[in-house]
Amino acid sequence: MVTPCGLLSDKQEPVPLKSVSVSLSINEFVTSVSATLNYENEQKVPLEAAFIFPMDEDSAVYSFEALVDGKRVVAELQDKAKAHTNYENAISQGHQAFLLEEDVSSRDVFSCNVGNLQPGAKVALTLRYVQELSLEADGALRFVLPTVLNPRYQLSGCSQDSCLNRKIPIVPLKDVPYTLSMVATITSQHGIEKIQSNCPLSPTEYLGDDKTSAQVSLAEGHKYDRDVELLIYYNEVHAPSVAVEMGLPKMKPGCFLGDPSAMVSFYPNIPEDKSPNTCGEFIFLMDRSGSMESPLSSQSKSQPRIEAAKKTLILLLKSLPVGCYFNIYGFGSTYEAFFQESVKYTQQTMKEALGRVKRIQADLGGTEILAPLQNIYKAPSIPGHPLQLFVFTDGEVSDTFTVIKEVKINRQKHRCFSFGIGEGASTSLIKGIALASGGTSEFITGKDRMQSKALRTLKHSLQPVVGDVSVSWDLPPGLSVKILSPEPTVIFKGQRLIIYAQLTGVMPPAETTGKVCLKYALQGKSFEDKVTFSLQPKPDANLTIHRLAAKSFIQTKDMGLTETPASHKSEVLNISLESGVISSFTAFIAVNKELNKPVQGPLTYMDIPRPFLRPHSQVFPKSMCSPRNRSMCFPVYNECMTYMEEGCRGRSWINENSRQGLGLDTAQAPSCSPKKKGMPFLKSYFKMKKTCFSTNKNNLETHNTGGNLFEKHQAEDDRENHLIQLIALQNANGSWDLNEDLAKALDMSLEDITAVHPTELVDSSGWATILAVIWLHTNVNDLKCEWDLLERKAVAWVRIHAGRSTILRPVSFPSRRPAIFPERVSLSPSSTTLVQAYSGLAASSSLGRMSVES
């Protein structure tokens, strides 16, 4: 077609793309996006410019147009082969041509070609798309404008037509020759609580007193070092709803755009099972390609992706239930498994796996995920232990459709939970494999903690399966419904369920209503959610619901040029052309025939450079870290020692809410105990070190001085290191051992810990378990979602072993009692009663509610 001219950016020549401007219109949980690319050819020869850029997998691109010297040229969506032919013919005839298409290997990469851009010419290309906003765990709606496109690992034998095969020039972030601007308008009938972003924004401007409409814009100077994310918090997001959109009046009934379309949103209130499943085969597939050595985000102090992944694996390993099966795979150009086959979760197998996790490196070369997946799927199933697959990758693969197809083929035997790590992870791969298997997907960028998202997903996988999911409609006679989105098979607690449908037949009068009902079963109980809605369709010039419905249908059927079955290809092509939503088989083509200047010789070809994310160095070298001597904050023990030394003076170390949670009479206080050897030292020691972990983050953020920033990062690093050390020491059964390693993790001496050990009431393992759980609540309570399953295991261990003398020894009405035991519990010779006292502290969420009065 044309002759490439090499990496022009290395020659410091002008790049024709000057700016990218984006306009967002967000209404409830749907956004309409208009992105304009502004080109200018400052060279003295005609150019063909190619710009390759990322898009979200869920984006439904439905419009593409060019503004040339004041003239608007609207593109037509055509069969991709036909569009390519027309593009080449237009250029050869001296016309100006524009081509927009999805990459052949992935739905989240697009290329835009501008052909025959004359010297001095200015062109503005605008593409429009609509997209659902994902729902986060904290209720936020998340919009992402992808700006980072990572190189994809190229497999031998992959399609050479992929735009990812081009050697696109890269430049440092500071030298990116085009700018980005973005303005977002948000509306919600429920009211807007707040808007947050990972990038600097202008102050939020509310457009009315009721705060139902607001506007924000991206601050100038975006460096293309991260995707632009918006987190939008409404006052109410969990109300079920049905929106009915009118079709085009000029279209005939029975065609896709002629009939009304409906969008149904459910938020099932699924009860949480307090006794989650202990069965299952859990396989963790971890990316160990070279790209995992890159920082988790472009922000300073960001740890390498592989280090965050290792910490997450440790936490997942420790959180698995006793009695399940597990295995860990690492993949790159090759793959390796920890065990030849999945093994039963025991102390021995957990300890062996833990040792290997600590030695993991990003040393396996490229990113080839297909082979390990095939090996996992060919293994025989373990009866009574359904397969739960967790995939962690930065998503830089080029055989996306092939991988998704493999997962889809094996969807009946497993669920896949996927995690995209770092900026620029492929949304097509991460979302695709989760959707194909009935799992969920998460993305970890910026300041996101991989551990939090992974543990939340593990909790989902441990919950009983919600089955017998069905959707039924109650509509007036003469009106029928056709479901366009995949039938829901799996529902998870806290997630939104969206269903698209087409209404065909005679629409009733305006006052008529319809009903839609979601039914599902959980542990033998039936549940249903109903919503009544108006059957009067509302007009929308952008046909937002129609476009989203078409995209949902296309995602289900479209597996790329080579992987899509012939029967599905015709369906995808038809719905794509009819709805105007781009697919793997279609492309937008626009031709400006008013320009008629035949080109003498080949066009100069120019790839628009993309930004290059440089890896960051370590946060703080070890040599910079000032030594700390016993700097762990343990206020619980500080208070306990105060009682033991000075006697009770009407003050309890358990606050009011905690005492109620423990079932104690709030008028009563723990009984006193006489002094014990070593306690005066502990009292002064803990008082001196009480604040080392309770760093005032607000002050550090407000007073942004160099010293305070160092303290903030140092304190957070110390806190997380102690957390990882403590987690790594937990036994498979949920208990901890009392030894030097535990003392080091708690930043205490073993002598200090044993000095206050009530040996007549609890053995060393029981005492160690109490201390570990109290430390978690005292120092990392804000990360409770990460160690909640660890605590549950500890509680279960206490309950299972209740009454055994190896844990709690019977005593006969002791004259003294450690301050950790409530006075109201009668200590009889029966060890069972002592266990009740001990279990009262370890009861579900009881320890979780303990805190120290300031």
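Residues numbered from 1 in each chain as written. Predicted model: local features only at pLDDT ≥ 70, side-chain atom pairs only at ≥ 80, totals over all residues. Heavy atoms only, no water.

1. Remarks on the overall build of the protein chain
Step number 1: Across its full length, the protein chain carries 20 helices and 35 strands.
Step number 2: Sorting the 854 residues of the protein chain into buried and exposed places 58% on the buried side.
Step number 3: Excluding contacts between residues fewer than 6 apart, the proportion of contacts in the protein chain whose partners are at least 24 apart in sequence is 75%.
Step number 4: In the structure as shown, the protein chain presents an accessible area of about 35,700 Å², 50% of it carried by carbon and sulfur atoms. (Helix = DSSP H or I, 4+ residues; strand = E, 2+ residues; numbered from the N terminus. Buried < 20%, exposed > 50% of the residue type's maximum accessible area, 1.4 Å probe, protein only. Contact = heavy atoms within 4.5 Å. Areas by Shrake-Rupley, 256 points an atom, 1.4 Å probe, with all protein chains shown as cover.)

2. Description of the pattern of salt bridges
Step number 1: Counted under the stated rule, the structure contains 27 salt bridges.
Step number 2: Its salt-bridge partner being R72, residue E65 comes within 3.0 Å of it at the nearest N-O pair.
Step number 3: Residue E229 is joined to R142 by a salt bridge in which the shortest nitrogen-to-oxygen separation is 3.4 Å. A residue pair is termed long-range when its members are at least 10 positions apart, and E229 in strand β18 (residues 228-234) and R142 in strand β12 (residues 141-145) qualify at 87 residues. (Salt bridge = Lys/Arg side-chain N within 4 Å of Asp/Glu carboxyl O.)

3. As for the nonpolar core
Step number 1: Of all hydrophobic cores here, the largest spans 82 residues; its most connected members are Y39 and L125.
Step number 2: Once residues within four sequence positions are removed from consideration, L125 is found in contact with A35, T36, L37, Y39, F64, E65, A66, F98, C112 and V114.
Step number 3: Among the nonpolar cores identified, the runner-up in size contains 68 residues, and F284, L320, I360 and I421 belong to it. (Core = buried A, V, L, I, M, F, W, Y, C linked by side-chain atoms within 4.5 Å.)

4. Regarding helix α2 (residues 305-319)
Step number 1: The terminal C-alpha atoms of α2 lie 21 Å apart, and with 15 residues this matches the ideal 21 Å at 1.5 Å per residue to within 8%.
Step number 2: Along α2, 14 of the 15 residues are buried, which leaves the element largely enclosed by surrounding structure. (Expected span 1.5 Å × (residues − 1).)

5. Comments concerning the pairing of strand β25 (residues 387-393)
Step number 1: Taking burial as the measure, the seven residues of β25 include seven buried ones, the bulk of the element.
Step number 2: As paired strands, strand β21 (residues 281-287) and β25 are joined by six bridges and run parallel to one another. Along β25, the bridge assignment pairs M286 with F392.
Step number 3: Across seven bridges, β25 lies against strand β26 (residues 414-421) in parallel orientation. Among the inter-strand pairings, F392 is bridged to a residue of β26, identified as F419. (Pairing = 2+ DSSP bridges.)

6. Overview of the sheet that holds β18
Sheet strands pair by backbone hydrogen bonding; their relative direction is either parallel or antiparallel.
Step number 1: With respect to topology, four strands assemble into an open sheet ordered β11-β12-β18-β15, the strand pairing being antiparallel. With one partner strand each, in any of the chains shown, β11 (134-135) and β15 (192-197) form the two edges of the open sheet.
Step number 2: Bridge analysis of β11 against β12 gives two bridges, and the strand direction is antiparallel. Each residue of the ladder has a partner; that of L135, found in β12, is L141.

7. Looking at the sheet that holds strand β31 (residues 513-522)
Step number 1: Sheet architecture is open: three strands sit in the order β28-β31-β32, paired in antiparallel fashion. Two strands lie at the open edges of the sheet, namely β28 (467-474) and β32 (525-534), each paired on one side alone. In this sheet, neighbouring strand axes are inclined to one another by 15° on average, regardless of whether the strands run parallel or antiparallel.
Step number 2: Judged from the ten bridges that link them, β31 and β32 form a sheet pairing that is antiparallel. Counted as the bridge partner of L522 is K525 from β32. (Axes fitted to C-alpha atoms, helices over the stretch in contact; angles between N-to-C directions.)

8. Some thoughts on the side chain of R142
Step number 1: For R142, a relative accessible area of 11% puts it in the buried group.
Step number 2: One polar contact links R142 to E229, side chain to side chain, over a distance of 3.4 Å.
Step number 3: R142 has contacts with L133, S134, E136, E229, L230, L231, F443 and T445, leaving out every residue within four places of it along the chain. (Polar contact = N/O pair within 3.5 Å; in protein donor to acceptor, adjacent residues only side chain to side chain.)

9. Remarks on the pairing of β21
Step number 1: Burial of β21 is extensive: seven of the seven residues sit out of reach of the surface.
Step number 2: Where β21 lies against strand β22 (residues 325-331), seven bridges are found, and the strand directions are parallel. Bridge pairing in β22 links F284 to I328.

10. A short note on the packing of aromatic side chains
Step number 1: Within this structure, the stated rule accounts for 14 aromatic pairs.
Step number 2: Look at F284 and F390: their rings are 5.3 Å apart centre to centre, the planes differ by 45°, and that puts the pair in the tilted class. Of the two residues, F284 sits in strand β21 while F390 sits in strand β25, which places them 106 residues apart along the sequence. An identical accessibility class is assigned to F284 and F390; each is buried.
Step number 3: A centroid spacing of 5.6 Å and a plane angle of 15° characterise the contact between Y520 and F527, whose relative ring orientation is stacked.
Step number 4: For Y520, a relative accessible area of 3% puts it in the buried group.
Step number 5: The class for F527 is partly exposed, based on a relative accessible area of 25%.
Step number 6: Here a set of aromatic residues connected by ring pairs shows up, and it is made of F284, F390, F392, F417, F419 and F492.
Step number 7: Just above the ring of Y206 sits the side chain of K211; from NZ or CZ to the centre is 4.8 Å.
Step number 8: For R496, the ring lying beneath its charged end belongs to F29, and the centroid distance is 4.8 Å. (Phe/Tyr/Trp six-rings, centres within 6.5 Å; stacked < 30°, edge-to-face > 60°. Lys NZ or Arg CZ within 6 Å of the ring centre and 35° of its normal.)

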